[in-house]
Amino acid sequence: MPMPKTLVTRYFQLIVKRKFTEGLRELERISIKMQKTEWNRGYYQALYGMYLSQKNINDGYSFFSKFDFTDTPTLHKYRREFLEHTRNGLHADYDRGYFSAWAGCMRVIIKMNNSNPVVTKKKEEKIPIETVRNDKNQATIVNFYPKKNK
């Protein structure tokens, strides 16, 4: 049985968002569904290591503690580097599984950044509030609809 990709993606998202309880549940589901091979053992150890390093934010030596999740060019660089290690025939299956997990994590973080772009605030313009004729304290529903450009 191959690695459950949807569970792994969900796990990465939860760990990045620092939702550790749900992340551990996903990690348990992953361990149940994966086969007991050397590659999968390395993959699982990388997943568990990600959990530990994200949870302990005071560890100055962990990869995640120095990590900027919004720096997309650096994320691409790390992903390429991890993918090179997974393709390297000199590494053992355990190591290739380990680096494959990290490459997958970088892929998910990049996709998370692309789906949630940073919104820059424009100069806010004051919109006059349209009120009900009889009551000057109540705004009408027109204020909550965006203005259409005509």
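Each chain carries its own residue numbering, running from 1 in the written order of its sequence. Under the rules for a predicted model, residues below a pLDDT of 70 receive no local features and side-chain atom pairs below 80 are neither given nor counted, while totals for whole chains, interfaces and linings still include all residues. Side-chain numbers come from the whole structure's heavy atoms, not from hydrogens or water.

Draft legend 1. Spatial organisation of the overall build of the protein chain. Strands are runs of DSSP state E lasting at least 2 residues, helices are runs of H or I lasting at least 4, and numbering of each runs from the N terminus. In terms of helices and strands, the protein chain carries 5 helices and 0 strands. Mapped from its N terminus to its C terminus, the protein chain presents α and β elements in the order α-α-α-α-α. Relative accessible area decides the class of each residue, using a 1.4 Å probe on protein chains only: under 20% of the type maximum gives buried, over 50% gives exposed, and in between gives partly exposed. Per-residue burial over the protein chain gives 33% buried out of 150 residues. Where accessible areas are quoted, they stem from the Shrake-Rupley method and a 1.4 Å probe; at the residue level, only the protein chains shown are allowed to cover. Summed over all atoms, the accessible surface of the protein chain reaches about 11200 Å², with 52% contributed by carbon and sulfur.

Draft legend 2. How the structure looks around the pattern of salt bridges. What counts as a salt bridge is simple: a side-chain nitrogen of Lys or Arg found within 4 Å of a carboxyl oxygen of Asp or Glu. Going through the model one piece at a time under the given rule, you end up with 4 salt bridges. For arginine 29, the salt bridge identified is with glutamate 26, shortest N-O distance 2.4 Å. With arginine 29 and glutamate 26 both in helix α2 (residues 20–33) and 3 residues apart, the pair spans about one turn of that helix. A residue is classified by how much of its surface remains accessible, and glutamate 26, at 8% relative accessible area, is buried.

Draft legend 3. Expanded view of unusual backbone geometry. At arginine 18, a residue that is not glycine, the phi angle is positive and equals roughly 65 degrees. In this fold, arginine 18 is placed in the loop between α1 (5–16) and α2.

Draft legend 4. Geometry of the confidence of the model for the protein chain. Values of pLDDT, ranging from 0 to 100, describe the predictor's confidence in every residue of the model. Averaged over every residue, the pLDDT of the protein chain is 82; the share at 70 or more is 75%. Here, two residues are considered to be in contact whenever any of their heavy atoms come within 4.5 Å of each other. Within the model, pLDDT remains below 50 along residues 119–123, and this stretch shows 0 contacts once partners closer than five positions in the same chain are excluded.

Draft legend 5. Seen up close, the nonpolar core. Core analysis: the largest hydrophobic core is formed by 32 residues, its most contacted members being Tyr11, Phe12, Ile30, Leu47, Met50 and Phe64. Every element with two or more residues in this core is listed here: α1, α2, α3 (38–55), α4 (72–87) and α5 (93–115). Of the residues forming this core, the biggest block, 10 residues, is contributed by α5. For leucine 47, the contacting residues outside a window of four places in its chain are Tyr11, Phe12, Leu27, Ile30 and Ala101. In plain words, nonpolar cores are sets of buried Ala, Val, Leu, Ile, Met, Phe, Trp, Tyr and Cys residues tied together by side-chain atoms within 4.5 Å.

Draft legend 6. Region of interest: the side chain of histidine 91. Its place among the elements puts histidine 91 in the loop between α4 and α5. Polar contact is the term for a pair of N or O atoms within 3.5 Å; when the atoms are in protein, one must be able to donate a hydrogen and the other to accept it, and sequence-neighboring residues count only if both atoms are side-chain atoms. Engagement of the side chain of histidine 91 in a polar contact is seen with the side chain of histidine 85, the distance being 3.1 Å. Those residues in contact with histidine 91 that sit more than four places away from it in its chain are His85, Arg96 and Phe99.

Draft legend 7. Layout of the packing of aromatic side chains. Any pair of Phe, Tyr and Trp rings, taking the six-membered ring for Trp, is counted once the centres come within 6.5 Å. Such a pair is stacked with planes under 30 degrees apart, edge-to-face with planes over 60 apart, and tilted for the rest. Applying the stated rule across the entire model yields 10 aromatic pairs. On the basis of an interplanar angle of 75 degrees and a centroid distance of 5.8 Å, the ring pair of phenylalanine 20 and tyrosine 51 is categorised as edge-to-face. Linking phenylalanine 20 in helix α2 with tyrosine 51 in helix α3, this pair joins segments that are 31 residues apart in sequence. Both rings, one in phenylalanine 63 and one in phenylalanine 82, keep their centres 6.1 Å apart while their planes meet at 80 degrees; by these two values the pair is edge-to-face. Residue phenylalanine 63 is located in the loop between α3 and α4, and its partner phenylalanine 82 is located in helix α4; the two are separated by 19 residues in the primary sequence. On the basis of relative accessibility, which here comes to 28%, the residue phenylalanine 63 falls in the partly exposed class. An aromatic cluster of at least three residues, connected via ring pairs, comprises Phe63, Tyr78, Phe82, Tyr98, Phe99 and Trp102.

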